[in-house]
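Spelled out from the first residue to the last, the chains are:
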Amino acid sequence: MMTNKLFINVVALTVTALCFFSCVEKTSTAPANSESVSGFRVAIDHYAINVADLDQSVAFYQEIFGLKEIKDGTEQPHIRWFRLGTSQELHIIEVDSLDKKIPKGVHIALAVGDFDRFRESIEKRNLNYNDWPGSANQISTRPDKVRQLYFQDPDGYWVEVNDGKQFN
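Residues numbered from 1 in each chain as written. Predicted model: local features only at pLDDT ≥ 70, side-chain atom pairs only at ≥ 80, totals over all residues. Heavy atoms only, no water.

Asker: In this structure, what is going on with the overall build of the chain? I would like to understand it.
Answerer: Counting its regular elements, the chain contains three helices and eight strands. The helix and strand sequence of the chain, counted from the amino end, reads α-β-α-β-β-β-β-α-β-β-β. Within the chain, the fraction of its 168 residues that count as buried is 35%. The contacts in the chain between residues at least 6 apart in sequence include a share of 55% that link residues at least 24 apart. Counting only carbon and sulfur atoms, one obtains 53% of the accessible surface of the chain, whose full area is about 10300 Å². (Helix = DSSP H or I, 4+ residues; strand = E, 2+ residues; numbered from the N terminus. Buried < 20%, exposed > 50% of the residue type's maximum accessible area, 1.4 Å probe, protein only. Contact = heavy atoms within 4.5 Å. Areas by Shrake-Rupley, 256 points an atom, 1.4 Å probe, with all protein chains shown as cover.)

Asker: Just checking my understanding: could you explain the environment of Tyr 61 for this structure?
Answerer: The topology assignment puts Tyr 61 in helix H2 (residues 54-65). Taking C-alpha positions, Tyr 61 is 8.1 Å from Asp 153, a pair spaced 92 residues apart along the chain. Each residue touching Tyr 61, except ones within four places of it in the same chain, is listed here: Ile 49, Gly 66, Leu 67, Leu 90, Ile 92, Asp 153, Tyr 157 and Val 159. Side-chain polar atoms of Tyr 61 contact the side chain of Asp 153, separated by 2.7 Å. (Polar contact = N/O pair within 3.5 Å; in protein donor to acceptor, adjacent residues only side chain to side chain.)

Asker: Looking at this model, I keep getting lost on the sheet that holds strand S2 (residues 69-70). Mind explaining?
Answerer: What holds strands together in a sheet is hydrogen bonding between their backbones, with the strands either parallel or antiparallel. Strand order in the open sheet formed by four strands is S1-S4-S3-S2, with mixed pairing between adjacent strands. Two strands in the sheet have a free side with no partner beyond their single neighbour: strand S1 (46-51) and S2. Inspection of the sheet shows S2 paired to strand S3 (residues 79-84) by two bridges, in the antiparallel sense. Bridge pairing links Glu 69 to Phe 82 in S3. (Pairing = 2+ DSSP bridges.)

Asker: What is the right way to read the pattern of salt bridges from this model?
Answerer: Two side chains carrying opposite charge are able to pair once their charged atoms lie near each other. Inspection of the entire model under this criterion finds eleven salt bridges. In this structure, the salt-bridge partner of Glu 63 is Arg 125, at a minimum N-O distance of 3.0 Å. With Glu 63 in helix H2 and Arg 125 in the loop between helix H3 (115-124) and strand S6 (140-141), this residue pair connects regions lying 62 residues apart in the sequence. Assessed through its relative accessible area of 46%, Glu 63 is described here as partly exposed. In this structure Arg 125 comes out as partly exposed when scored by relative accessible area, which is 36%. Note that Asp 144 and Lys 165 form a salt bridge whose closest N and O atoms lie 3.6 Å from each other. In this pair, Asp 144 sits in the loop between S6 and strand S7 (147-152) while Lys 165 sits in the segment after strand S8 (158-162), placing the two residues 21 residues apart along the sequence. It is possible to trace a salt-bridge network through shared partners that takes in Asp 55, Glu 69 and Arg 80. (Salt bridge = Lys/Arg side-chain N within 4 Å of Asp/Glu carboxyl O.)

Asker: Help me out: how do you make sense of the sheet that holds strand S5 (residues 107-111) in this one?
Answerer: Strand order in the open sheet formed by four strands is S5-S8-S7-S6, with mixed pairing between adjacent strands. For this open sheet the edge positions go to S5 and S6, each flanked by a neighbour on one side alone. Pairing analysis gives five bridges linking S5 to S8, with the strands arranged parallel. Among the inter-strand pairings, Ala 111 is bridged to a residue of S8, identified as Asn 162. Each of S7 and S8 is contacted by H3, which is oriented at about 25° to S7, the strand it contacts most. (Axes fitted to C-alpha atoms, helices over the stretch in contact; angles between N-to-C directions.)

Structure representation (structure tokens):
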């Protein structure tokens, strides 16, 4: 039986993932000024994660992705914001208690311009990664030829890195 906190975390992550994938699907193939099927313009604004140790998570994301820190609009000491892509953001929020289990299907997917160089960089850092089925130090190739790998951050969040079409 799930605790209320765990249930809230699972629901929040599921909604975030569904919104993320819905927005990506609706905006990835359409021109920047186009409207979604509903008639609304839709774009991803940010992805937020709760973490147990703010400094550890910030160091992880900055080391692995070199993310640039931006002004935190909340001005709260337990929250830090980072630029993702051209206008999207990652919000890292330290919480007192973190009780979660996140399946791999709930993940943030980040495209990189040079997949092979990125893979080499995480191998040099001895960061464990795997393909979708879970084979260590392997990558997956989807039917559309996009290569991808997966790893977990210090709090167990799944991160997919791929060579998607964003940089073609």
